[in-house]
Amino acid sequence: MSRALPLRAVLASAAVLTAIAPMALPAPALAHSPAPASSAAGRHTGPDVINTRAADVYPEGVAWDPTRRAFLVGSALKGSLSVIRLDGTVEELAPSIGMVSTLGVRVDTARNRILVAYSDFWIRQRLEVGDQPPTSGVAVFALDTGKLQRRIDVAQGLPRTFANDLTFDPQGNIYVTDSVSQILQRIDLAGHVTPVVSDPRFAAQIVGLNGIVWHPDGYLLAVRYDDGRMFRIRPDAPAGRKVAEVDLAEPLVGTDGLGLRADGSLVVVTNSIGAAVGAPGGVDAVKVVGSRDGWRSASVRSRVDPWPVGGPTTVAVTPYGDYVLSGEVGTVLVGETSDRIVLRRLPCPGPVLHGRDAQGHFTSSTSTSGKGILR
């Protein structure tokens, strides 16, 4: 791979991001070379690996779109949104929204929305952004058309800000992690931004609170990248009782993205990408974490360590299995180039039987058999 850094040539002439009109950058050249599927994609089958290519995309976030039966990914380089289909075809869905990275992605089918966290934090590590103030927010796109509907600023004038991941609750409220702030933000359906909680345990110099999911029992689970601590957050609890640290059997250092399965277990993707900008990181691995006490404590049930593809960032839970994204984000951060994108399915250690008990809590029973590097 070339040592040349394409970011400056591509983005240096871009206009300052404004809250009124999104800036359009040149659309990336997209191509694909799908890997052979282990079986033809059908109702509950899909390829083990989707190995494709798309120039200048470098996706960090991914979500499953059941309406297209495809993946939606952002772009750490271009601030755009693209579709990756099961056959490896890549096409742009929404053009760049500015000199930002589009990071965490969620699909809200009930409200015909695609929710995307964006920030210029990574861009600022490599480029001069002129007089653009530190930028973080949530972009809302129409799910059916991909059209940008609104941008919601969550930087709130902070001198340092890094909107990184997001999730939403059954009422449509959006929750956004800011990896350098101690504030967790909530956005209601009207677009109003309010702090859920301010907790010094969230703040960091580079990458702190990162992956976040909504649990159907009414709370959030979020993990710090740098030290691997997990938090259980109840947004509507009384002040002083909103946040509890989950007692982990081992820290989940380097956690980037999370995916909550229907059986109540959590897929945790870790990496060492942060080392490129001086952040403590973990190893390229994927772990399945479970809890028997409502996420007051948790332990690793299985893991793939190391993950076969370098630089995994997050996971999409789909009807075909859990697909882990490696979009070469670490490559672009160290000034190299690549157009490779890999979505690799997490192997299952055995059949999983899941449902809810009489109290409505998740229950599951998983076979302990496993093969290869799954343990």
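Residues numbered from 1 in each chain as written. Predicted model: local features only at pLDDT ≥ 70, side-chain atom pairs only at ≥ 80, totals over all residues. Heavy atoms only, no water.

A. Local environment of the overall build of the protein chain. Helices and strands together make up the secondary structure of the protein chain, namely three helices and 28 strands. A buried classification covers 56% of the 375 residues belonging to the protein chain. Pairs at least 24 apart in sequence give 54% of the contacts found in the protein chain among residues at least 6 apart. Just so you have it, the protein chain exposes about 15,000 Å², and 52% of that area is on carbon and sulfur atoms. (Helix = DSSP H or I, 4+ residues; strand = E, 2+ residues; numbered from the N terminus. Buried < 20%, exposed > 50% of the residue type's maximum accessible area, 1.4 Å probe, protein only. Contact = heavy atoms within 4.5 Å. Areas by Shrake-Rupley, 256 points an atom, 1.4 Å probe, with all protein chains shown as cover.)

B. Representation of the nonpolar core in the model. Membership of the largest hydrophobic core comes to 17 residues, with the highest contact counts inside it found for Leu72, Leu81, Val105, Ile114, Val116 and Phe141. At three residues, the largest contribution of residues to this core is made by strand S8 (residues 113-119). The contacts of Phe141, once residues within four sequence positions are left out, are Leu81, Ala94, Ile97, Asn112, Arg113, Ile114, Val116, Gly146, Lys147, Leu148 and Gln149. (Core = buried A, V, L, I, M, F, W, Y, C linked by side-chain atoms within 4.5 Å.)

C. Spotlight on the layout of surface pockets. The space that makes up the largest pocket amounts to roughly 850 Å³. For the largest pocket, the lining is made up of 36 residues, of which Arg106, Val107, Thr167, Phe168 and Leu260 are closest to its centre. (1 Å grid on protein atoms, 1.4 Å probe; cavity = no way out; pocket = protein on both sides within 12 Å on 5 of 7 lines; lining within 4 Å. Points joined across faces, edges and corners; volume = space filled by probe spheres on them.)

D. Just the side chain of Arg113, in detail. Structurally, the position occupied by Arg113 is in strand S8. Taking relative accessible area as the criterion, Arg113 reaches 9% and is therefore assigned buried. Here the side chain of Arg113 touches Asp108 through a polar contact of 2.8 Å, side chain to side chain. Among the polar contacts made by the side chain of Arg113, one reaches the main-chain carbonyl oxygen of Gly172 at a distance of 3.2 Å. For Arg113, the residues in contact, after removing those within four places along its chain, are Arg106, Val107, Asp108, Val140, Phe141, Leu143, Gly172, Ile174 and Leu189. (Polar contact = N/O pair within 3.5 Å; in protein donor to acceptor, adjacent residues only side chain to side chain.)

E. Examining the environment of Pro280 more closely. Topologically, Pro280 is positioned in the loop between strand S21 (266-270) and strand S22 (285-290). The class of Pro280 is partly exposed, set by a relative accessible area of 49%. The spacing of Pro280 and Asp226 is 54 residues in sequence and 5.1 Å in space, taken between C-alpha atoms. If we ignore the near neighbours within four places in the chain, the residues touching Pro280 are Tyr225 and Asp226.

F. Focus on the sheet that holds strand S19 (residues 247-248). Taking strand neighbours across the sheet as the criterion, the five strands line up as S19-S23-S22-S21-S20 in an open arrangement whose pairing is mixed. Each edge of the open sheet carries a strand with a single partner, namely S19 and strand S20 (255-260). Bridging between S20 and S21 involves five bridges; their strand directions are antiparallel. Pairing of Thr255 across the sheet is with Thr270, part of S21. (Pairing = 2+ DSSP bridges.)

G. A look at the pairing of strand S26 (residues 340-345). In this sheet, S26 lies alongside strand S2 (residues 49-54) in antiparallel orientation, the contact comprising five bridges. Pairing of Thr52 across the sheet is with Ile341, part of S26.

H. Seen up close, empty space enclosed by the protein. Evaluation of the coordinates by the stated rule reveals three cavities of 30 Å³ or more. Of the volumes computed, that of the largest cavity is approximately 110 Å³. Looking at the largest cavity, it is lined by 13 residues, and the ones nearest its centre are Glu60, Trp122, Asn210, Asp256 and Ile273. Partitioning the lining of the largest cavity into residue classes produces six nonpolar, five polar and two charged. (Nonpolar A, V, L, I, M, F, W, Y, C, P; charged D, E, K, R; others polar.)

I. Spatial organisation of the pattern of salt bridges. Under the criterion given, the structure shown has 17 salt bridges. Residues Glu250 and Lys287 are paired through a salt bridge, measuring 3.4 Å at the closest nitrogen-oxygen approach. Taken together, the residues span a long stretch of sequence, with Glu250 in the loop between S19 and S20 and Lys287 in strand S22 at a distance of 37 residues. Classification of Lys287 by relative accessible area gives buried; the value is 7%. (Salt bridge = Lys/Arg side-chain N within 4 Å of Asp/Glu carboxyl O.)

J. Inspection of the packing of aromatic side chains at higher detail. Counted under the stated rule, the structure contains eight aromatic pairs. For the ring pair Phe121 and Phe162, a centre distance of 4.3 Å and an interplane angle of 10° mean the geometry is stacked. Residue Phe121 is located in helix H2 (residues 121-126), and its partner Phe162 is located in the loop between strand S10 (148-153) and strand S11 (163-168); the two are separated by 41 residues in the primary sequence. One aromatic cluster is present, formed by Trp64, Phe71, Tyr320 and Tyr323 through successive ring pairs. (Phe/Tyr/Trp six-rings, centres within 6.5 Å; stacked < 30°, edge-to-face > 60°.)

K. Region of the structure containing the environment of Gln132. In this fold, Gln132 is placed in the loop between H2 and strand S9 (136-142). Taking the C-alpha atoms as reference, Gln132 lies 9.2 Å from Asp120; in sequence the two are 12 residues apart. A polar side-chain atom of Gln132 sits 3.4 Å from the main-chain carbonyl oxygen of Met99. Reaching out from Gln132, the side chain makes a polar contact with the side chain of Asp120 at a distance of 2.9 Å.

L. Quick peek at the sheet that holds strand S14 (residues 193-198). Pairing within the open sheet is antiparallel, and its four strands lie in the order S11-S12-S13-S14. Every other strand in the sheet has two partners, leaving S11 and S14 as the edge strands with one partner each. Going from strand to strand, the sheet's axes swing by 30° on average, the running direction of each strand aside. By the bridge criterion, five bridges tie strand S13 (residues 183-187) to S14 in an arrangement that is antiparallel. Looking at S14, one finds that Ile183 is bridged to Ser198. (Axes fitted to C-alpha atoms, helices over the stretch in contact; angles between N-to-C directions.)

These figures capture arrangement, not role.
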